[in-house]
Each structure stands twice: as C-alpha cells, then as structure tokens.
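# Observations on chain architecture
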Amino acid sequence: MQWNSNTSRWRMLAIPAVLGVFLAAWSLHPAYEMSDFSPFPAADFNTAQVDQEAEFQQGFASSDLDEFVHSPSVAALPGGDLMAAWFAGSREGAADVDIRGARFDAVTGTWGEERVLVTREMTRRAIGKPIRKLGNPVIAFSPDELLWLFYVSVSVGGWAGSAVNAMVSDDLGVTWSKPRQLVTTPFVNISTLVRSAPVFHEDGSIGVPVYHEFLGKFPEYLYLDAQGRVVDKFRIADGTNSLQPTVVPLDGKRAVALLRHAGREGHVLATVTEDAGRTWQPEWPVAPWNPNTSLAAVRSGSGSLLVAQNNLLDGRFKLSLDEATNNLTEWSLVASLDASPDPDGKPFPRVRYEELMRKKFLDSSGTSRQQLLTGYLREIDQRMCHDGMCDFEYEYPYMIRATDGRYHLVYAWNNSFIKHVAFNDAWLEAQL
C-alpha cells in the first residue's frame, strides 16, 4: 500500500514537471517567419551550357571492391564538378560502416578514388556519446556555396534510435567541420533519420526531409537556419505507413512530397504543401507501385516531375525513370535505367549470371573503373548469389538538377557500386 502511495505521489509530481519543461521550451522558442522556397538552382540554370544533342553518361562513383555500399547522394559543384557520398562497410548496420565520398572531375569526365569522410570514432569524439553505427549520408550544395553533409548515427538500439549529424565545408569538400548532432526531439533525441535531398529557402534556411521510425513510421520536414541550427519541425504525414520523403518545390509556397510506402504491395504516397513546408495535405496513393523502397524526384525543364523509382509490386530488380504531371494524375515511363534481364526478376544460375553481369558491368562502369571487372567477378557469390542462384538489384536513387541544366542520378548497383547517371533535356525529349 505504501509503495502504491509513493508511486502516485511521484506521478503527481512528474506531470507538472514535464509540463513545466515543455512550457519553458515553448516560451524560449524564438519567433520566426518561415521563408519561401528558393528558386535555386533553377534560377541559375544556364541551359546554353548544355550541348543540345542528346547526352547520357554513366559510370561508377565508388571504387572499393571489398565493401557493401548503400544510400548514395550527390551534389553539383561550381564548374560542373560533382561530389557523391554514401556509406560502406561489411554490411548495413555493421560497426565498421563509415561515410565515403568521391569527386567527379568535369574536365576529365571521370570519378576520382573514394575517400573516408567521417567514421564512427570521429563522430563519437565530436559529439561525446557512444556510437554504434552510421548510415544514410545526404550531401548538398547551398546557394551561399557551402557544402553540407547530413548523416545518421545510432547510439542505442536499431535505426529507430537514430539521430542526425551535420558537417559543413567551405572549400567544396576538401576539409570539413567536426560533426555536430542536431537536437530534433526533446529529452533523448532519437528517431530522426535523413535520406532525401534538402530544399533551400530564400533566406538561406534549409528544409531537410526527415522521417521517424520509433513507435510508428512517418515523414517530417526539419527546418534549419542558414547555419544549420534547428528552428522547427513539421509533420508531413500522420500514421505508420510512410517514410523517406522527397520534396520538390513548384513555386515559392507550393511543393510536392513523394513518400516511400512502408509496407508490401503499396503505391507511392504523395502530399502537397502550400505554405513552404509548414503544413501538408493528407497523404494519398498515386499510380506507381512502391515495394517499400526509396525514390527520388526533381522538376524537369518542362515543369513536370521526373521520378526515379522501383515501380514494382515486389523486389528491386528494375529502376525506372518516370515522368508525372505536377498534380500527379498522369504518369509515363521515360526509360528503364537498369533492370534484370528477366522481366519478373527471377534469379539466374551462377554461370549464366556471370556472363550477364560481365556485360552489365562494362556498360555501367565508365572507362575509369573497367579495370575492376576481374576482381568484381570474383566477389559476386558473396554479394548477389545464394545456393547457386543470383539476383540483380538497383535501389536507393538520389537525383538532382545542376545549374547547367543537367540531371544527375546516383543509386546502389547490386550492393557493390554506387552508379552515377547523367543526362540532359535533349535526351529526355528523345525518350518521349
């Protein structure tokens, strides 16, 4: 009886204390006016720089044969250079995973060797807490010419225990600031993850599409000031069935968000904001299928949406580029970017698979990575084969449009390489 009495007393004391913390935080929260979406990079498009002949290029951004690679992103730098980032390790969620990057030289048209950008230990030292694993780097070039890198770290538990960290470079990725952990939730600061491209606002503030996986799955819009400090956070969708939002501004106030369906046999989900990300309409399903896979979208030169996705009932054996009207009612296939030779994605016997993979590697690698073919073929058993049968897998696309009008897409290629694809509007028009 005494124990029950003490418990009740503690509850009576705890409730006012918790309310007091929230009221204090609310009163100290600075007032702000949310800025409109920036037209960057669209305002700086110089399509005259782009050869009006159809252009399509592809190559591998990564170069290490020993690691599992996943969740790439890419940023367009001045002069046509690019920088890509991804995570690599023995497997997803392993303690040896680090964040890698590579630079694309526009003059030579080749990717340089990859290098480590940040490790688990570097993150631990910087933020002063244990770090179990890293993941999902997002790299972006801002209108004020800073290169931002956001990535996920986990101190306790699985991905639901994630927090977001930020680094910034003022010399185009040559050197970086120390990691800094963003405080996105009160008390324990867990379950905020990044995956998709940030959106910039006119005053230099940054909108980072994020998502939540603890006791539910839902997307959010994290609003940062120009220095990367958290200003606010807005729920994009309620419920437990959507994550990894990709946000595409349509004008200063309006944007479309496409969402990964967190389940099986579902469609891509969509929602719209009309106040620069503060509030969002209820999500609804659109035409493409989404077998619980990440997708990416940008606005095309004609004003439509270009969407890279696994438009499949199940699996990730085909990556397509689709076009949609801004209201998302009409969809059409632009091109199949990568696909299994089997239309249903059925596995191939090991001997047949090596023959098919040899050709796919040479078509995809770009000239600077072709010398890796022999070493790669020795590794395919542990990467894509089980019991003598082998699969194809293309996933986690990330797409941007650079200020010269070119489109750049990166994605995970058969768990082995980060593949980069570049094309222009003339190529798009030739597909339609």
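Everything quoted here is computed from the prediction, not taken from an experiment. (Residues numbered from 1 in each chain as written. Predicted model: local features only at pLDDT ≥ 70, side-chain atom pairs only at ≥ 80, totals over all residues. Heavy atoms only, no water.)

On to the sheet that holds strand E21 (residues 305-309), then. Strands sit in the order E20-E21-E22-E23 across an open sheet of four strands; the sheet is antiparallel. The sheet terminates laterally at strand E20 (296-299) and strand E23 (331-339), the two strands that pair on one side only. Between one strand axis and the next, the sheet turns by 20° as a mean value, whatever way the strands run. Here four bridges tie E20 to E21, and the two strands are oriented antiparallel to one another. Following the sheet pairing, alanine 297 is matched in E21 by valine 307. (Pairing = 2+ DSSP bridges. Helix = DSSP H or I, 4+ residues; strand = E, 2+ residues; numbered from the N terminus. Axes fitted to C-alpha atoms, helices over the stretch in contact; angles between N-to-C directions.)

As enumerated under the stated definition, the model contains one cavity of 30 Å³ or more in all. Its boundaries defined by the atoms lining it, the largest cavity holds a volume of some 50 Å³. Around the largest cavity, the lining residues are Arg195, Ser196, Ala197, Thr246, Ser294, Leu295, Ala296, Pro397, Tyr398 and Met399. Here the lining of the largest cavity gets three residues from one element, more than from any other, and that element is strand E27 (residues 394-401). Looking at side-chain class alone, the lining of the largest cavity contains six nonpolar, three polar and one charged residues. (1 Å grid on protein atoms, 1.4 Å probe; cavity = no way out; pocket = protein on both sides within 12 Å on 5 of 7 lines; lining within 4 Å. Points joined across faces, edges and corners; volume = space filled by probe spheres on them. Nonpolar A, V, L, I, M, F, W, Y, C, P; charged D, E, K, R; others polar.)

This part is about the pairing of strand E16 (residues 242-249). Judged by how many residues are buried, E16 sits mostly within the fold: seven of eight residues are covered. In the sheet, E16 pairs with strand E17 (residues 255-261) via six bridges, with the strands oriented antiparallel. Note that in E17 the partner of leucine 243 across the bridge is arginine 260. Here E16 hands over to E17 after five residues, the two strands then running antiparallel side by side. (Buried < 20%, exposed > 50% of the residue type's maximum accessible area, 1.4 Å probe, protein only.)

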